[in-house]
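The residues making up each chain are set out below.
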Amino acid sequence: MIARAKPLSALARFAAECGAPHRFVQFGGHVAGATPAALEVEGLAQGVELGARVCLGEEPFGEIVRIDRGRALVAPYRLHARVPIGAALMTGEGDIIRPGMDWLGRALDAFGLPIDGGPPPQAGFTPVRLDASAPPALERPPLGEKLETGVRVIDIFTPLCFGQRIGVFAGSGVGKSTLLAMLARADSFDAVVVGLIGERGREVREMLEGPLAAARQKTVTIVATGDESALLRRRAAFMALSAAEWLRDQGMRVLLIMDSITRFAHALREIDIAAGAPAVARGYPPSVFSELPRLLERIGAGVSGAGSITGVISVLVDGDDHNDPIADTVRGVLDGHIVLERAIADQGRYPAVDILKSLSRLSNKVWSRDQTAFVRMLRAHAARFEDTRDLRAINGFKPGADAELDAAVALTPRLYAALAQSPEDGPQNDAFAFMAATLGFPTPK
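Quick caveat: nothing in here was measured; it's all calculated off a predicted structure. (Residues numbered from 1 in each chain as written. Predicted model: local features only at pLDDT ≥ 70, side-chain atom pairs only at ≥ 80, totals over all residues. Heavy atoms only, no water.)

Caption draft 1: Summary view of the overall build of the chain. Helix and strand counts for the chain stand at 14 helices and 18 strands. In terms of overall dimensions, the chain has C-alpha extents of about 90 × 60 × 45 Å along its principal axes. Within the span of the chain, comprising 445 residues, buried residues form 51% of the whole. Of the roughly 20900 Å² of accessible surface on the chain, a fraction of 53% belongs to carbon and sulfur atoms. When the 49 basic and 52 acidic side-chain charges of the chain are each reduced to a single mean position, those positions are 2 Å apart. (Helix = DSSP H or I, 4+ residues; strand = E, 2+ residues; numbered from the N terminus. Buried < 20%, exposed > 50% of the residue type's maximum accessible area, 1.4 Å probe, protein only. Areas by Shrake-Rupley, 256 points an atom, 1.4 Å probe, with all protein chains shown as cover. Lys, Arg positive; Asp, Glu negative; His and termini not counted. Charge placed at Lys NZ, Arg CZ, Asp CG, Glu CD.)

Caption draft 2: Layout of the confidence of the model for the chain. Overall, the prediction assigns the chain a mean pLDDT of 86, with 94% of residues at 70 or greater. When the criterion is pLDDT under 50, residues 19-23 qualifies, and its contacts beyond four places in sequence or with other chains add up to five contacts. (pLDDT = per-residue confidence, 0-100. Contact = heavy atoms within 4.5 Å.)

Caption draft 3: Spotlight on the packing of aromatic side chains. A complete count under the given rule lists seven aromatic pairs for this structure. Judged by centre distance (5.7 Å) and plane angle (75°), the ring pair of Phe238 and Phe264 falls under edge-to-face. Here Phe264 lies in helix H6 (residues 261-274) and Phe238 lies in helix H5 (residues 230-249), a separation of 26 residues in the sequence. One exposure class covers both Phe238 and Phe264, and it is buried. Grouped by ring-pair contacts, the aromatic residues Phe374, Phe432 and Phe441 constitute a single cluster. Just above the ring of Tyr416 sits the side chain of Arg349; from NZ or CZ to the centre is 3.9 Å. (Phe/Tyr/Trp six-rings, centres within 6.5 Å; stacked < 30°, edge-to-face > 60°. Lys NZ or Arg CZ within 6 Å of the ring centre and 35° of its normal.)

Caption draft 4: Main features of the sheet that holds strand S15 (residues 253-259). Read across the sheet, eight strands follow the order S8-S14-S13-S15-S16-S12-S17-S18 without closing on themselves; strand pairing throughout is mixed. Among the strands making up the open sheet, the edge pair consists of strand S8 (107-108) and strand S18 (359-360). Across the face of the sheet, H6 comes into contact with strand S13 (191-199), S15 and strand S16 (308-316) while running at roughly 75° to S16. (Pairing = 2+ DSSP bridges. Axes fitted to C-alpha atoms, helices over the stretch in contact; angles between N-to-C directions.)

Caption draft 5: Focus on the side chain of Asp354. Within the fold, Asp354 resides in the loop between helix H9 (342-346) and S18. Lys357 provides the closest opposite charge to the buried, unpaired Asp354, separated from it by 4.1 Å. If we ignore the near neighbours within four places in the chain, the residues touching Asp354 are Val339, Glu341 and Ile344. (Salt bridge = Lys/Arg side-chain N within 4 Å of Asp/Glu carboxyl O.)

Caption draft 6: Main features of the environment of Pro76. Turning to its location among the elements, Pro76 is positioned in strand S5 (residues 71-76). Overall, the relative accessible area of 15% leaves Pro76 in the buried class. Residues Pro76 and Asp131, spaced 55 residues apart in sequence, show a C-alpha to C-alpha distance of 19 Å. Apart from the residues within four sequence positions on either side, Pro76 is in contact with Ala37, Ala38, Phe61, Gly62, Ala81, Ser229 and Leu231.

Caption draft 7: Focus on the environment of Ala244. Relative to the assigned elements, Ala244 resides in helix H5. Remark: the alpha-carbon pair of Ala244 and Ser363, spanning 119 residues in sequence, is separated by 24 Å. Look past the residues within four positions of Ala244 in its chain and what remains in contact with it is Val193, Val254, Leu256 and Ile309.

Caption draft 8: Fine view of the sheet that holds strand S4 (residues 59-68). Around the barrel, six strands lie side by side as S1-S2-S5-S4-S3-S6; this closed barrel has antiparallel pairing. The average angle at which neighbouring strand axes cross in this sheet is 45°, direction not considered. Pairing geometry for strand S3 (residues 53-56) and S4, over four bridges, is antiparallel. Counterpart to Val54 in the pairing with S4 is Gly62. Here H5 sits on the sheet and contacts S3, S4 and S5; the angle it forms with S4, its principal contact strand, is near 100°.

Caption draft 9: Molecular detail of helix H11 (residues 369-387). Taking 1.5 Å of rise per residue, 19 residues should cover 27 Å, and H11 covers 27 Å from first to last C-alpha, within 8% of that figure. Those residues of H11 that are buried lie in contact with helix H2 (152-157), helix H10 (363-366), helix H12 (389-393), helix H13 (403-419) and helix H14 (431-439). (Expected span 1.5 Å × (residues − 1).)

Caption draft 10: Up close: the packing of helix H7 (residues 286-296) against helix H8 (residues 325-333). Between H7 and H8, the shortest axis-to-axis distance is 10 Å and the interhelical angle comes to 35°. H8 is crossed by H7, and the crossing has right-handed handedness. Residue-level inspection shows Val288, Phe289, Leu292, Pro293 and Leu296 of H7 in contact with H8, the latter providing Pro325, Ile326, Thr329, Val330 and Val333. In the contact of H7 with H8, the residues fall into nine nonpolar, one polar and no charged. (Left-handed = near helix turned anticlockwise from the far one by under 90°. Nonpolar A, V, L, I, M, F, W, Y, C, P; charged D, E, K, R; others polar.)

Caption draft 11: Spatial organisation of the pattern of salt bridges. Tallied over the entire structure, the rule returns 24 salt bridges. A salt bridge links Asp68 to Arg66; the shortest N-O distance between them is 3.3 Å. Classification of Asp68 by relative accessible area gives partly exposed; the value is 36%. Its salt-bridge partner being Glu245, residue Arg298 comes within 2.7 Å of it at the nearest N-O pair. Remark: Glu245 occurs in helix H5 and Arg298 occurs in the loop between H7 and S16; sequence separation between them is 53 residues. Side by side, Arg298 and Glu245 carry an identical accessibility label, which is buried. Here the residues in one salt-bridge network are Glu40, Glu42 and Arg71, joined through shared partners.

Caption draft 12: Expanded view of unusual backbone geometry. Of note, the bond from Asp259 into Ser260 is cis; its omega dihedral lies within 30 degrees of zero at 5°. By secondary structure assignment, the location of Ser260 is in the loop between S15 and H6. The step from Tyr350 to Pro351 runs through a cis peptide bond, and the omega angle for that step is -5°. Tracing the backbone through its elements, the reader meets Pro351 in the loop between H9 and S18. At Asn395, a residue that is not glycine, the phi angle is positive and equals roughly 65°. Assignment of secondary structure puts Asn395 in the loop between H12 and H13.

In structure tokens form, the structure reads like this:
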């Protein structure tokens, strides 16, 4: 028996005859209940989908986070939204932005509106979806050549390629934001996109007028501070990524800095728990661990002929626990990790990078044979130095008894001093030549 096709509704036939998509019709409902995190809207469950935008009058109000029989749960964009029972909410247009070159040099909120006091940026011609998919795996070209960041400890111990994704793992107050700002000044990139997700409001201006000032004209900054709603913090992350994708598709080499992916995960947790999702790992619902790879996989080289997005993603390690579920998930998705340690920062050495715990999975693609041997030698001396720290603290080290330990004790403090670098020092052009000359070795070729 051949099943008959379901006849089109009058609305669908009208949409087809007009040549317009079916979603041009708005659906509506009225507020039937409220909680501190969401509103229950009756009559909005038919014809809508999860994540659809909802408007109050002409203004965007929130997004649908749960759909039940006869009603939908709507999370508002603004905290403490005052909406009376019975107020009408309507579906809005799809979540599409129109970035353009006019965005460079601007600081924008999660809706693309200026927060820097300037006029609204001119919209581009190409619409970009915030929930776009990553390019197909086999259509992506291999990663590009090595890039010079100008930060000595990174260029030597965790080298990057164009299109790579690397994480900066650190607790609060260890110098994470300063290191990210130093990377933003690299001359290797055509454009920089900075997503400040859940940052303190005070730090936003300090970063824009301080470390990011030198690269401000080629930088797009998307901001959602910590006092804004979870929806806006999540949206700002996708906004920054979509802007970077548009710049990449123009053939540009883009640096995407996201600070931090942990606060993005916190926003996802708030939204999903408000929608009734169960918590499975330290309060995080399962959907958080599927949403993180979906976001991060969009970073990288574009299809053949396009530019690339090099992603530097900061991970705020809660309680300095590097096995936190978010840190562990993100570490498995990225192409390397840079670990900042509080003990190193307490010694006054910045960037506080632990060279023994940090690595780049693409280092063998960019190191020469001599550079590989040089870095391995430095790591071996540093490892021996750290392993014997307690022994030396109790005066158990006797010079001359172990030649390798003698070399490590003589070399490692000089290595640590040479790796120290502040934003005022400026970028280092040839990190290997500088380090070899400082330590008294021939420059590795």
